[in-house]
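Working through the structure, step by step
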Amino acid sequence: MSTELRILPVSGIGEIPAGADLGLIIYEALQRQHLRIEHGDVFVVTQKIVSKAEGRIVHLVEVEASEFAQSFAQQYNKDPQHIEVVLRESKRIVRMDHGVLISETRHGFICANAGVDESNVNGQRALTLLPLDPDRSALTLRQRLQELAREGREMVDIAVIISDTWGRPWRNGQVNMAIGVSGMEAIVDY
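Residues numbered from 1 in each chain as written. Predicted model: local features only at pLDDT ≥ 70, side-chain atom pairs only at ≥ 80, totals over all residues. Heavy atoms only, no water.

It is worth spelling out the overall build of the protein at this point. Helices and strands together make up the secondary structure of the protein, namely five helices and eight strands. Ordered by position in the sequence, the α and β elements of the protein form the string α-β-α-β-α-α-β-β-β-β-α-β-β. Viewed in the frame of its principal axes, the protein has a C-alpha envelope of about 60 × 30 × 25 Å. Within the protein, buried positions represent 40% of all 190 residues. When contacts within the protein are restricted to residue pairs at least 6 apart in sequence, those whose partners lie at least 24 apart make up 57%. When the accessible surface of the protein is split by element, carbon and sulfur atoms take 49% of a total near 11200 Å². Distance between charge centres in the protein, computed from 20 positive and 26 negative side chains, equals 3 Å. (Helix = DSSP H or I, 4+ residues; strand = E, 2+ residues; numbered from the N terminus. Buried < 20%, exposed > 50% of the residue type's maximum accessible area, 1.4 Å probe, protein only. Contact = heavy atoms within 4.5 Å. Areas by Shrake-Rupley, 256 points an atom, 1.4 Å probe, with all protein chains shown as cover. Lys, Arg positive; Asp, Glu negative; His and termini not counted. Charge placed at Lys NZ, Arg CZ, Asp CG, Glu CD.)

This is the structure in structure tokens:
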């Protein structure tokens, strides 16, 4: 049993378009780095590229803000369309204070702005949403990576964690949360 723990960034991923084969993109990036998928590997993949590949992007010009979203946005100098998207992605609003919406997502996550994110959308007036089923997304990506890694050898058992950076409302700092997981049993014995 290996006691080594290595963290290797996968570089050269590039922009992810909707409908992209994310597993193939990651696999090809690994090959360019002369890395091979091995039994027990754990891939931590950002929610952002999963959401982009799954087409979970909303263009704000297509969003009509409700009266409530407009009122809240005006009070806190926010974008009303952005607030409307947060409201639509929320199962319930847990707290509203100082211009921050703490909400429960359909997944049951309690987080700021229902996980709706405006970063890394290439300057577009667009937002990314959390995957509809992050565990399913992790499973699909895991199966695709295992399929690509097989290449005439036994199936490798790997894990995929979909991670999202969450703020800590009314506190400083950010944390990364696993929002989708598949194959954790692959690392239990390590």
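Turning to the sheet that holds strand 1 (residues 42-46), a few remarks are in order. Pairing in this open sheet of three strands is mixed, and the strands run 1-7-8 from one edge to the other. For this open sheet the edge positions go to strand 1 and strand 8 (174-182), each flanked by a neighbour on one side alone. Here the average twist between neighbouring strands, direction ignored, is 35°. Pairing of strand 1 with strand 7 (residues 159-167), which is carried by five bridges, proceeds in the parallel orientation. Across the sheet, residue Phe43 finds its bridge partner in strand 7, namely Val160. Against the sheet, helix 5 (residues 134-150) makes contact with strand 1, strand 7 and strand 8, and its axis sits at roughly 65° relative to strand 8, the strand it touches most. (Pairing = 2+ DSSP bridges. Axes fitted to C-alpha atoms, helices over the stretch in contact; angles between N-to-C directions.)

A few words on the packing of helix 3 (residues 67-76) against helix 4 (residues 80-89). As a packed pair, helix 3 and helix 4 sit with axes 8 Å apart at the nearest point and diverge in direction by 125°. Classed by the angle they form, the pair helix 3 and helix 4 counts as oblique. Judged by the twist between their axes, the crossing of helix 3 over helix 4 is right-handed. Every residue of helix 4 that contacts helix 3 at Phe68, Ala69, Gln70, Phe72 and Ala73 is listed here: Pro80, Ile83, Glu84 and Leu87. Residues belonging to the contact of helix 3 with helix 4 are distributed by class as follows: seven nonpolar, one polar and one charged. (Parallel < 35°, antiparallel > 145°, perpendicular 65-115°, else oblique. Left-handed = near helix turned anticlockwise from the far one by under 90°. Nonpolar A, V, L, I, M, F, W, Y, C, P; charged D, E, K, R; others polar.)

In total, this model carries 13 salt bridges according to the counting rule given. Note that Arg125 and Asp79 form a salt bridge whose closest N and O atoms lie 2.4 Å from each other. Here the residue Arg125 occupies a position in the loop between strand 5 (110-112) and strand 6 (126-128), and Asp79 occupies one in the loop between helix 3 and helix 4, the gap between them amounting to 46 residues. Note that Glu147 and Arg144 form a salt bridge whose closest N and O atoms lie 2.7 Å from each other. (Salt bridge = Lys/Arg side-chain N within 4 Å of Asp/Glu carboxyl O.)

Residue placement: Glu64 occurs in the loop between strand 2 (57-59) and helix 3. A relative accessible area of 67% places Glu64 in the exposed class. Between the alpha carbons of Glu64 and Pro80 there is a distance of 8.6 Å; along the sequence they are 16 residues apart. What Glu64 contacts, discounting residues up to four positions off in sequence, is Glu84 and Arg88.

Let us now look at the nonpolar core. Leu22, Ile26, Ile37, Phe43, Val45 and Leu145 are the most contacted members of the largest nonpolar core, which totals 26 residues. Contributing elements (two or more residues each) for this core: helix 1 (22-32), strand 1, helix 2 (47-53), helix 5 and strand 7. With five residues, the top contributor of residues to this core is helix 5. Core analysis: the next-biggest nonpolar cluster, separate from the first, contains 15 residues, Ala69, Ala73, Val85 and Ala114 among them. (Core = buried A, V, L, I, M, F, W, Y, C linked by side-chain atoms within 4.5 Å.)

Note that all results are geometric; they support no functional claim without further evidence.
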